[in-house]
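What the coordinates show
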Amino acid sequence: MPDTYDCLLMLRDIFSCLTWFVAIVYFLSGSQDFVYDIGAYWLRFWRRYTYRNQPRLTLERLRAREQQRIAVMVPAWNEGEVVASMVDNIIKRVEYENYSIFVGTYPNDAATQACVDRLSKEFPQIIKVVTARPGPTTKADCLHNILATIRSKEETDGIHYDIILMHDAEDWVHPQEFLLHNYLIPQVDVVQLPILPFPSKWNKWVHWIYADEFSENHMKDVPVREKISGFVPYAGTGTGFSRKVIDFLSDEHGGHVFNESSMTEDYSMSKKIREAGLKSVFVNVVLGDDKSPFWRPLCKRPLFVSNWSYFPMDWTRSVRQKSRWIIGISLQEWEQSGWEGSWLMKENFVKDRKVFVAASASFLGYFILLYFLIYGMGQAGWIPFKLLSILKPGSALANLVKFCTFFMVLRITQRITWVGLTYGIGPGLLSVPRLAVGNVLNGLATFRALKVFSDSRRGKAAVRWDNTQHLEGIGDMGGEDQSAKRRIVQSVPLEQVFAGLISNEPDEIVRALRAIPSDVDELARAEIIAYLRSLVSSEELKIRAALAQTLGSLVWIELTPTIFHLLSDPDSVVRTNAARSLLARPRLGPLLEQAFISQRYLAVATLVRVIEQDRKRQRQLFEMITRERLVVTKTTLIMTSTILRKRFRTYLETITPIEPAGVVKRRRATDQA
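Residues numbered from 1 in each chain as written. Predicted model: local features only at pLDDT ≥ 70, side-chain atom pairs only at ≥ 80, totals over all residues. Heavy atoms only, no water.

A closer look at the side chain of Ser 229
Positionally, Ser 229 belongs in helix H7 (residues 205-229). For Ser 229, a relative accessible area of 8% gives the class buried. (Helix = DSSP H or I, 4+ residues; strand = E, 2+ residues; numbered from the N terminus. Buried < 20%, exposed > 50% of the residue type's maximum accessible area, 1.4 Å probe, protein only.)

Things to note about the pattern of salt bridges
If the charged atoms of two oppositely charged side chains come close together, the side chains can form a pair. Counting across every chain of the model gives 42 salt bridges. A salt bridge links Lys 220 to Glu 216; the nearest nitrogen and oxygen atoms lie 3.0 Å apart. On the criterion of helical spacing, the pair formed by Lys 220 and Glu 216 is a turn pair, its members being four residues apart in helix H7. In terms of burial, Lys 220 and Glu 216 fall into one category: buried. Between Glu 216 and Arg 411 there is a salt bridge, with its nearest N and O atoms 3.2 Å apart. With a gap of 195 residues between them, Glu 216 in helix H7 and Arg 411 in helix H13 (residues 396-423) connect regions that are remote in the sequence. On the basis of relative accessibility, which here comes to 8%, the residue Glu 216 falls in the buried class. (Salt bridge = Lys/Arg side-chain N within 4 Å of Asp/Glu carboxyl O.)

Considerations on the packing of aromatic side chains
Taken as a whole and judged by the stated rule, the model has 32 aromatic pairs. Three or more aromatic residues joined by ring pairs make a cluster, and in this case those are Phe 198, Trp 208, Phe 304, Trp 308, Tyr 310 and Tyr 423. Over the ring of Tyr 210 we find Lys 322; its NZ or CZ atom is 4.9 Å from the centre of that ring. Sitting above the plane of the Trp 339 ring, Arg 353 keeps its charged end 4.8 Å from the centroid. (Phe/Tyr/Trp six-rings, centres within 6.5 Å; stacked < 30°, edge-to-face > 60°. Lys NZ or Arg CZ within 6 Å of the ring centre and 35° of its normal.)

Things to note about the environment of Gln 67
Its location among the elements puts Gln 67 in the loop between helix H2 (59-64) and strand S1 (70-75). For the pair formed by Gln 67 and Asn 577, sequence separation is 510 residues and the distance between their alpha carbons is 9.3 Å. Here Gln 67 is in contact with Tyr 96, Glu 97, Asn 98, Leu 179, Asn 182 and Arg 580, once residues within four sequence places are set aside. (Contact = heavy atoms within 4.5 Å.)

Focus: the sheet that holds strand S4 (residues 163-166)
Read across the open sheet, the seven strands follow the order S3-S2-S1-S4-S7-S5-S8; overall the sheet is mixed. Since the sheet does not close on itself, it has two edges, and those belong to strand S3 (126-130) and strand S8 (280-282), each with one partner. The sheet shows a mean angle of 20° between the axes of neighbouring strands, direction not considered. Of the pairings in the sheet, the one linking strand S5 (residues 190-192) to S8 comprises three bridges and is parallel in character. Among the inter-strand pairings, Gln 192 is bridged to a residue of S8, identified as Phe 282. The sheet contacts of helix H3 (residues 83-93) involve S1, strand S2 (99-105) and S3, and relative to S2 the element is tilted by about 175°. The strands that helix H6 (residues 177-184) touches are S1, S2, S4, S5 and strand S7 (239-242); relative to S4, the one it contacts most, it runs at about 135°. (Pairing = 2+ DSSP bridges. Axes fitted to C-alpha atoms, helices over the stretch in contact; angles between N-to-C directions.)

Quick word on helix H18 (residues 541-550)
Of all ten residues in H18, eight are buried, a share of seventy percent or more. Considered for burial, the residues of H18 that qualify are Leu 541, Ile 543, Arg 544, Ala 545, Ala 546, Leu 547, Ala 548 and Thr 550. The secondary structure elements touched by the buried residues of H18 are H2, helix H16 (506-514), helix H17 (522-535), helix H19 (560-567) and helix H20 (572-583).

Observations concerning unusual backbone geometry
A cis amide bond links Gly 135 to the next residue, Pro 136, at an omega of 0°. For Pro 136, the location among the structural elements is in the loop between S3 and helix H5 (139-157). With an omega dihedral of 15°, the bond running from Ile 185 to Pro 186 counts as a cis peptide bond. Mapped onto the elements, Pro 186 comes out in the loop between H6 and S5. With a phi angle near 55°, Asn 78 is a residue other than glycine that sits in the positive phi range. Following the sequence through the fold, Asn 78 ends up in the loop between S1 and H3.

Concerning the pairing of S3
In the sheet, S2 pairs with S3 via five bridges, with the strands oriented parallel. Within the sheet, the bridge partner assigned to Phe 102 lies in S3 and is Ile 127. In the classification by handedness, the crossover that spans S2, the intervening helix H4 (residues 110-122) and the parallel S3 is right-handed. (Right-handed = clockwise from strand over helix to strand, strands pointing away.)

Section: a nonpolar patch on the surface
On the surface, Leu 369, Leu 370, Leu 373, Met 377 and Trp 382 cluster together to form a nonpolar patch covering roughly 540 Å² of accessible area. One can find Trp 382 in the loop between helix H12 (355-379) and H13. Overall, the relative accessible area of 67% leaves Trp 382 in the exposed class. (Patch = residues over 30% accessible without salt bridge, like charges linked within 9 Å, V, L, I, M, F, W, Y side chains within 5 Å. Areas by Shrake-Rupley, 256 points an atom, 1.4 Å probe, with all protein chains shown as cover.)

With respect to H3
With respect to burial, H3 is a largely interior element, eight of its eleven residues being buried. Taken residue by residue, H3 has Val 83, Ala 84, Met 86, Val 87, Asn 89, Ile 90, Ile 91 and Arg 93 as its buried positions. Contacts from the buried residues of H3 go to S1, S2, H4, S3 and H6.

Dropping the structure here:
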């Protein structure tokens, strides 16, 4: 009997220690999550109050922005099954024209290469990239090979890609995604869109666990992170980079834009960009054209711009994928960069790196729950023995458990809220029983991550692309086939152009603006210029934006004042279009000098952002500044932009000959004499 009691005492002490550990982890983690809960609701209220009188973002605004050239990077290792459907969706459904898709393949992956070869023969905007090394290497290595091909194509074809998009081979790309990236860049440096799992059958619990977690993370946590600290952890897909960012990281890190030693190169990149002071935004938007009732979930709103995909539906693939995320975000980044940064960044590190501690605590929590269940059954007389009590009323541990219970109830209500907002009330309620399954899954992934990371440190395994097989395909969220609507460039009779310019229909005017020929006689030219000048004061955004874009192809000197007028337009879309048109004109030096002297801050800032995007144009400007002594242009560029200041200094070093030390010493001696 004493032996039995001693065993019960030992069991109680062990579970008491475990309860303390789990309760402390739950309390600290729950307190942090509670702050994010408050921040999410405050942020929604603040945005609704601040922007209540401003018009919502609409398709008209997105379409009014001149289309920049986009390069889509799709790394593909053993993705022959899904990449064809993904690319087919982009070509048929995405409303955009000025883009190319670069699919990164491996020399030892014949199936994916054959698929891309077939697609590239049918669609010229698809370019196959074959990596230098056989796979699997790392995703970052594949992306570097794609970037090298993008730069090579630019040199060969004399073109320039303004925006670089990252997508995975299993993504369903939203029809308006490219328009949204095009609208926001280069006003911001990086755009991250929500990444959400497809709605599926209710019994696909593993897949729905991803849906539950991503709903709360991307609908609540990431927007709060952006607002508090400016840190937006990238998802590795649905991410749009301004060319300025790609070139900046290449300069700063010796050509290594992505971290090849990390399993989560996207997260590593987001840290670098945040530390450099560049601006990343997380865009969670339903376009103003959406007329759905307020209660309709986001997954049923066609104008909710998001990236969708199927996630693993079985335990094995899910544990492998989640392990990779934990290794990259929680362990490798900790090992490589430590805890450097402001206290706000350290708070972000805690949120990301606590995952293996929190998941372990959740896993242990079920054993503690089992102890309490057996204890309760013994007290009720349902079993022939009684365990000893761990919690004494009024004790510190009992009070701590009460707080943890409050946080647990709060987590459940928040999970229901955000999953319900994204997928509907049914999936929201079913997310409650899925919490327990998710905790077990995350616990197993955590233990596997610790083992894999430990093995890699002991040299048993190398870091490589632990790619997830996408057996479910890419799925479909619908959308209109855009292939029949592609704009066909054709000549329009001059009389029809004149008729369109004097029309009362905005769409007719826009079509006429895009059809104006550049080679007309002097009489027709004077008449066209008169019509164009009258359109500057139009109340229609689409007309002013189209006019600003058209002036880039009409290099008539009489239209220069019109460009300057549009540069001071109150709308950012018109200003950006006008800035691109100004930079496309001949004899740019004096025009820029005049613009920087006469224009206000918003116009100057827009010009600088557009210049930051193009290295080739920067080189030309630096040559003009040096040759033509453009003092105001030089001062404005180097004072406004840190990046341009560094590049101008580098340019001066390349054109200034370096004298031998002996020559310099003799010249100094002569000067002193």
